[in-house]
Amino acid sequence: MFKRYFQYLLASKNEHAIHSPFVFQLYTQIILAKKFKSPYFTAIEDLRKRLLKNARVIEITDFGAGSKIHKSTSRQIKQIAKSAEKPSKFGKLIFRLIQHFEPKVIFDLGTSLGVTTVYESKAKQDAKIVTFEGCPTTAKIAQENFDALEANNIEIVVGNLDETLTKQIAKIERLDFAFFDANHRYEPTVKYFEICLEKAHESSLFIFDDIHWSEEMQEAWQYIKANPSVMITIDLFFIGLVFFRKNQPKQDFILRF
């Protein structure tokens, strides 16, 4: 990861290297707006603090690539909160992106304890959010967190994503926004992307987590970028943004965040 991050730093650019008006505005006004504040942020980060202090041990069902840190299926909640939840700056970025693009249907692939999902919920409270979690125990805790923060527009789908995603995608007409944070391997990532692509449209935004987490994830990211339907990608190292805007020339950006 250190080597990959160093390579990213060498390749990444700032706003002065962006020649796309769409990406320039998005980068300068939304992605870099780190001082943006919302009254919801305090409650969400207070939830994160409580989870980071919670020493209760639970049994994990993991259908994904697993953790590079914790190999046991018995884990403390605070360990999951530390290793599986996205840091606050990414939760806040997702919040800003959702407020900007105003998606009506959001798929969240990988609920974990639900912190990032609450960011999505509070960003647009009239959106329909379907979040997918393989572990019933983790999903139960996430639901408790949703209830505590009154994030009432979230539906949790529990089970193996290989089975549940296809069923849920068939129930919707359009998918406006998707956050992929489930199985960090090449084949499942590509499979989930292609399933969701069936309901993507010109204004959809897909966000992929940990695109440089492993060689497999880097290969999956390259595959996604090469897809003919994908017109713009933005590599922020820890996450990658994918757009399908047909009126744009096909471009890939590596930008500092």
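Worth saying up front: this structure is predicted, and the values here are computed from it rather than measured.

K.L.:
Before we move on, can you summarise the overall build of the protein chain with the specific residues and values?
P.N.:
In terms of helices and strands, the protein chain carries ten helices and ten strands. Over its C-alpha atoms the protein chain spans a radius of gyration of 17 Å, differing by no more than 12% from the 18 Å that the globule rule assigns to 257 residues. Overall, the C-alpha framework of the protein chain stretches about 50 × 40 × 40 Å when taken along its three principal axes. The buried share of the protein chain, reckoned over its 257 residues, is 54%. A fraction of 71% describes how many contacts in the protein chain between residues 6 or more apart in sequence connect residues 24 or more apart. With the model as given, the accessible surface of the protein chain reaches about 12,300 Å², and the carbon-plus-sulfur share is 52%. Placing the 36 positive and 31 negative side-chain charges of the protein chain at their respective mean positions leaves the two points 6 Å apart.

K.L.:
For helix α7 (residues 136-148), give the residues involved together with the corresponding values.
P.N.:
Look at α7: 18 Å from first C-alpha to last across 13 residues, which is about the 18 Å you get at 1.5 Å a residue. When α7 is considered as a whole, its buried residues turn out to be Thr-138, Ala-139, Ile-141, Ala-142, Asn-145 and Phe-146. The buried residues of α7 occupy an angular sector of 160° when the element is viewed end-on, so they sit on one face. Set apart from the buried face of α7 by more than 90 degrees, the exposed residues are Lys-140 and Ala-148. Against α3 (39-53), β1 (57-59), α4 (77-83), α6 (115-123), β4 (128-133) and β5 (154-158) lie the buried residues of α7. Once α7 ends, the next one or two residues include Glu-150, with phi positive near 55°.

K.L.:
So, the nonpolar core: which residues are in play, and what are the values?
P.N.:
Burial of nonpolar side chains together is a common tendency in soluble globular proteins. Within the largest apolar cluster, 54 residues are counted, with the highest numbers of intra-cluster contacts made by Ile-31, Ile-207, Ile-234, Leu-236 and Leu-241. Contacts of Ile-234, omitting those with residues within four sequence positions, involve Val-23, Leu-26, Ile-31, Trp-221, Ile-239, Gly-240, Leu-241, Phe-243, Phe-253 and Leu-255. With 26 residues, the next largest nonpolar core counts Ile-172, Leu-175, Phe-193 and Leu-197 among its residues.

K.L.:
Can you explain the pattern of salt bridges? Please cite residues and give values.
P.N.:
In this structure the tally under the stated criterion is eight salt bridges. Lys-86 is the salt-bridge partner of Asp-210, the closest N and O atoms lying 3.8 Å from each other. Of this pair, Asp-210 sits in the loop between β7 (205-209) and α10 (215-226) while Lys-86 sits in the loop between α4 and α5 (88-101), and the two are 124 residues apart along the sequence. Neither residue differs from the other here; Asp-210 and Lys-86 are each classed as buried.

K.L.:
Give me the lowdown on the sheet that holds strand β8 (residues 232-235), citing residues and values where you can.
P.N.:
Strand order in this open sheet of eight strands is β5-β4-β3-β6-β7-β9-β8-β10, and the pairing throughout is mixed. Among the strands making up the open sheet, the edge pair consists of β5 and β10 (251-254). Pairs of neighbouring strands in the sheet enclose a mean axial angle of 15°, with direction left out of account. Here strand β6 (residues 177-180) pairs with β7 via four bridges, running parallel. Directly across from Phe-177, in β7, lies its bridge partner Leu-205.

K.L.:
Just give me the short version of the packing of aromatic side chains, but keep the residues and values in it.
P.N.:
What the rule picks out here adds up to 22 aromatic pairs. Between Phe-36 and Phe-41 the ring centres are 6.2 Å apart and the planes differ by 65°, which places this aromatic pair in the edge-to-face class. Phe-41 sits in the buried class, given a relative accessible area of 6%. Both rings, one in Tyr-186 and one in Tyr-223, keep their centres 6.3 Å apart while their planes meet at 80°; by these two values the pair is edge-to-face.

Procedures and definitions
Residues numbered from 1 in each chain as written. Predicted model: local features only at pLDDT ≥ 70, side-chain atom pairs only at ≥ 80, totals over all residues. Heavy atoms only, no water. Helix = DSSP H or I, 4+ residues; strand = E, 2+ residues; numbered from the N terminus. Rg over C-alpha atoms; globule rule 2.2 N^0.38 Å. Buried < 20%, exposed > 50% of the residue type's maximum accessible area, 1.4 Å probe, protein only. Contact = heavy atoms within 4.5 Å. Areas by Shrake-Rupley, 256 points an atom, 1.4 Å probe, with all protein chains shown as cover. Lys, Arg positive; Asp, Glu negative; His and termini not counted. Charge placed at Lys NZ, Arg CZ, Asp CG, Glu CD. Expected span 1.5 Å × (residues − 1). Arc of directions from axis to C-beta. Core = buried A, V, L, I, M, F, W, Y, C linked by side-chain atoms within 4.5 Å. Salt bridge = Lys/Arg side-chain N within 4 Å of Asp/Glu carboxyl O. Pairing = 2+ DSSP bridges. Axes fitted to C-alpha atoms, helices over the stretch in contact; angles between N-to-C directions. Phe/Tyr/Trp six-rings, centres within 6.5 Å; stacked < 30°, edge-to-face > 60°.

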